[in-house]
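Geometric and topological summary
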Amino acid sequence: MKLKHSLFSRRQFLNGLIGGWVGAIMAALVYPIVRFIFPSYKEPDEVILLYADYKDILPNSSKIFPWGSKPGILKKNDDGSLMAFVGVCTHLDCNVEYQPEKRKFFCACHDGWYDEFGTNISGPPPKPLRRLFISIEGEDLIIKKEGVE
Ligand code: FES
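Rules behind the numbers
Residues numbered from 1 in each chain as written. Predicted model: local features only at pLDDT ≥ 70, side-chain atom pairs only at ≥ 80, totals over all residues. Core = buried A, V, L, I, M, F, W, Y, C linked by C-beta atoms within 7 Å. Buried ≥ 20, exposed ≤ 12 C-beta atoms within 10 Å, placed from the backbone. Helix = DSSP H or I, 4+ residues; strand = E, 2+ residues; numbered from the N terminus. Contact = placed C-beta atoms within 7 Å. Pairing = 2+ DSSP bridges. Domains from an automatic or database assignment.

**Concerning the nonpolar core**
By size, the foremost hydrophobic cluster in this structure holds 16 residues, and its most contacted members are Ala84, Phe85, Val96 and Leu129. Put simply, the parts of the chain that give this core at least two residues each are strand 3 (70-76), strand 4 (82-86), strand 5 (96-99), strand 6 (104-107) and strand 10 (140-144). Among the elements that line this core, the one with the most residues is strand 4, at three residues. Those residues within four positions of Leu129 in sequence are excluded, and the remaining contacts are Phe85, Val86, Thr90, Val96, Phe105, Tyr114 and Gly118.

The structure is reproduced here in structure tokens:
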């Protein structure tokens, strides 16, 4: 059986198909750009870690912990005290690492450097690493952002 007429022509069908492909490709290209410009990162107020997992850090060394979707860095000083930082650069949010042999934090993205206490000392980082606040309660290592009671 042959239809006398269809709801749309072959040309309309092909235009719709091509338009759909172009739209899908554009969405796939634009979405990551929009996510980069407007990230949906929600920072935690605090994280609670098991202190036993972190108490054996050697002086002048560090260990990573999860700070929301970003890394946190827990560093032990020579006197045994602990410091915690958000482990991302204050320039453009690249991850930083502690280099014990140089006693500095390093950001490889644009050669940014921070001293062992997180103060920006060379390269493009405009301000120090963000400090987090540590307390130890029983078996818990509690790490909070500034201003959280
Ligand atoms: S992102 Fe770290 S120096 Fe640019």
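There is more to say after this.
**Structural notes on the pairing of strand 7 (residues 112-115)**
The alternating pattern of strand 7 places Gly112 and Tyr114 on a buried face and Trp113 and Asp115 on a face that is not buried. By the bridge criterion, four bridges tie strand 6 to strand 7 in an arrangement that is antiparallel. By the bridge assignment for strand 7, Lys104 is matched with Asp115. Taking the residues that link successive antiparallel strands as the turn, the strand 6-strand 7 hairpin has four residues, and the phi of Asp111 there is positive, at about 60°. Connecting strand 7 to the antiparallel partner strand 8 (residues 120-122) that follows it, the hairpin turn spans four residues, and Gly118 within it adopts a positive phi of roughly 90°.

**Overview of the pairing of strand 2 (residues 61-67)**
With seven bridges connecting them, strand 2 and strand 3 associate as antiparallel partners. Paired with Ser62 across the two strands is Lys75, which belongs to strand 3. Taken together, strand 2 and the strand that follows it, strand 3, pair antiparallel across an intervening segment of two residues, in which Gly68 is found at a positive phi of about 60°.

**Some details on the domain arrangement of the protein chain**
When its domains are assigned, the protein chain resolves into domain 1 (9-40) and domain 2 (46-144). On a C-alpha basis, the centroid separation for the pair domain 1 and domain 2 is 41 Å.

**Observations regarding the environment of Lys55**
Here Lys55 is to be found in the loop between strand 1 (46-50) and strand 2. Between the alpha carbons of Lys55 and Leu82 there is a distance of 9.4 Å; along the sequence they are 27 residues apart.

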